[in-house]
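Analysis of the macromolecular model
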Amino acid sequence: MLKKILDNKACAKCQLCCIFERYEVWETPVFTEEIKNKLLKLRPDTKFISKDGGYIFRVEKLDEGQLFSCPALDKQKGCILGDEKPFDCRIWPYRIMNIEGRRAITISNICGELFNRPLSELVSFLKDGLADKIFAYADSHPEIIKEYDEMYPVLLMEKK
Ligand code: SF4
C-alpha cells in the first residue's frame, strides 16, 4: 500500500517494525481470522489471542532487553505473508489512533525511512487517497484503532 513511497528493499533490510521490545508489544499487528489462519498454516506454533474481533499474538512476559520477533518474519526473506500481511503492517509506519473520540492518523518515529521525509510529503500521500482507505478499513475493523500515544506525531485528523 505504501509502495509508491517506501522501497521494499529498505524494509527487507530494516525489519525494525517486525521485532518488538517489551514496551512495544501493544504495537504488534492485529490479524483478521483469514490472515491468522494463513499464518497458522505456515507457522503452526504461533499463539494468538482474540481481541475486539481481531487477533493479536500471545506474547509471553519479556524481560528488559528481550525481544519478540514476529513469527511471520523470515530474517533472510522478510515477511512470509507477502502482500497478504495484516492491514497494520501494510500501512506501517502510519497508525490510526483514537484521540478523545476522534480518529487520527499518526506516524511512528521508528521508521526512519519515512519519518525523516518532509511533513508535507507524508501528509500529501495521506490526502492522495491513503487516509480514505485507512478510515474505510477502520470502519469495518475498529480493532486496528489504537489509543493515542503522544510519541506519535499527528498527521491528519478525521473530519467531523
Ligand atoms: S506480519 Fe509480516 S510485516 Fe507484519 S510484523 Fe509480522 S513479519 Fe512484519
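In this text, all values refer to a predicted model and were calculated from it rather than measured experimentally.

Thoughts on the overall build of the protein
The secondary structure content of the protein amounts to five helices and ten strands. By principal-axis analysis of the C-alpha atoms, the protein measures approximately 40 × 35 × 30 Å. Taking contacts inside the protein between residues at least 6 apart in sequence as the whole, the part at least 24 apart equals 68%.

Quick word on the pairing of strand 2 (residues 48-51)
In terms of strand pairing, strand 2 meets strand 3 (residues 54-57) through four bridges, oriented antiparallel. Counted as the bridge partner of isoleucine 49 is isoleucine 56 from strand 3. The antiparallel hairpin formed by strand 2 and strand 3 contains two residues in its connecting segment, where aspartate 52 sits at a positive phi of about 50°.

What about unusual backbone geometry?
Between tryptophan 92 and proline 93 the backbone carries a cis peptide bond, its omega angle lying at 10°. You will see that glutamine 15, though not glycine, has its phi angle at about 60°, which is positive. What makes glutamine 15 partly exposed here is the crowd of 15 C-beta atoms within 10 Å. Non-glycine residue aspartate 52 carries a positive phi angle of around 50°.

Notes on the nonpolar core
The biggest cluster of nonpolar side chains holds 26 residues, and the ones touching the most others in it are Trp92, Tyr94, Ile105, Ala131 and Ile134. Per-element accounting of this core gives the leading share, four residues, to helix 5 (residues 119-140). Summarising the domain contributions, this core has at least three residues from each of domain 1 (8-82) and domain 2 (90-157). Those residues in contact with tryptophan 92, other than ones at most four positions away along the chain, are Cys17 and Cys111.

What to know about the domain arrangement of the protein
Here the domain parsing of the protein yields domain 1 (8-82) and domain 2 (90-157). Between domain 1 and domain 2, the C-alpha centre-to-centre distance is 20 Å. Taken together, the contacts link nine residues of domain 1 with nine residues of domain 2. Class assignment of the residues belonging to the side of domain 1 that touches domain 2 gives a composition of five nonpolar, two polar and two charged.

Points about the sheet that holds strand 7 (residues 94-99)
One open sheet accounts for four strands, arranged 9-7-8-10; its pairing is mixed. Of all the strands in the sheet, just strand 9 (146-147) and strand 10 (154-157) have a single pairing partner and so form its edges. Note: strand 7 against strand 9, two bridges, orientation parallel. Paired with asparagine 98 across the strands is glutamate 147, a residue of strand 9.

As for the site of the ligand
Inspection of the region around the ligand gives Cys18, Pro29, Cys70, Ala72, Leu73, Cys79, Leu81, Lys85, Pro86 and Cys89 as its neighbouring residues. Here the residues of the shell around the ligand are counted per class, giving nine nonpolar, no polar and one charged.

Section: the environment of serine 124
Here serine 124 is to be found in helix 5. Between the C-alpha atom of serine 124 and that of leucine 155, which follows or precedes it by 31 residues, the distance is 9.8 Å.

Quick word on the confidence of the model for the protein
Atom-level detail of predicted coordinates should not be read off regions where pLDDT is low. Chain-level pLDDT for the protein is 94 on average; 100% of the residues reach the 70-or-more range. Ranking the helices and strands of the protein by mean pLDDT puts helix 2 (residues 33-42) first, with 98, and helix 1 (residues 8-14) last, with 82.

Observations concerning helix 5
At lysine 127, helix 5 shows its maximal kink, close to 65°. The complete set of buried residues in helix 5 reads Leu122, Leu130, Ala131 and Ile134. Among the structural elements, helix 3 (87-91), strand 7, strand 8 (102-107), helix 4 (112-115) and strand 10 are those in contact with the buried residues of helix 5.

About the criteria used
Starting afresh in each chain, residues are numbered from 1 along the sequence in its written order. Totals for whole chains, interfaces and linings use all residues, but because this is a predicted model, local features are given only for residues with pLDDT of at least 70 and pairs of side-chain atoms are given and counted only at 80 or more. Secondary structure elements follow DSSP: runs of H or I of four or more residues count as helices, runs of E of two or more count as strands, with numbering from the N terminus. Contacts here follow a simple rule: the backbone-placed C-beta atoms of the two residues must lie within 7 Å. Two strands qualify as a pair provided DSSP detects at least 2 bridges between them. To sort residues by burial, count the other C-beta atoms lying within 10 Å of each one's C-beta; a count of 20 or more means buried, 12 or fewer means exposed, and anything in between means partly exposed. C-beta atoms are built from the backbone. Note on terminology: a nonpolar core is any set of buried Ala, Val, Leu, Ile, Met, Phe, Trp, Tyr and Cys residues joined through C-beta atoms within 7 Å. The split into domains, and so the bounds of each, comes from an automatic or database assignment of domains. Amino acids are sorted into nonpolar (Ala, Val, Leu, Ile, Met, Phe, Trp, Tyr, Cys and Pro), charged (Asp, Glu, Lys and Arg) and polar (every other residue, Gly among them). Near residues are defined by distance alone, with the backbone-placed C-beta atom required to lie within 6 Å of the molecule or strand. Scored from 0 to 100, pLDDT records how confident the predictor is in each individual residue. The angle separating two fitted axes, one through the seven residues that finish at a residue and one through the seven that start at it, defines the bend at that residue.

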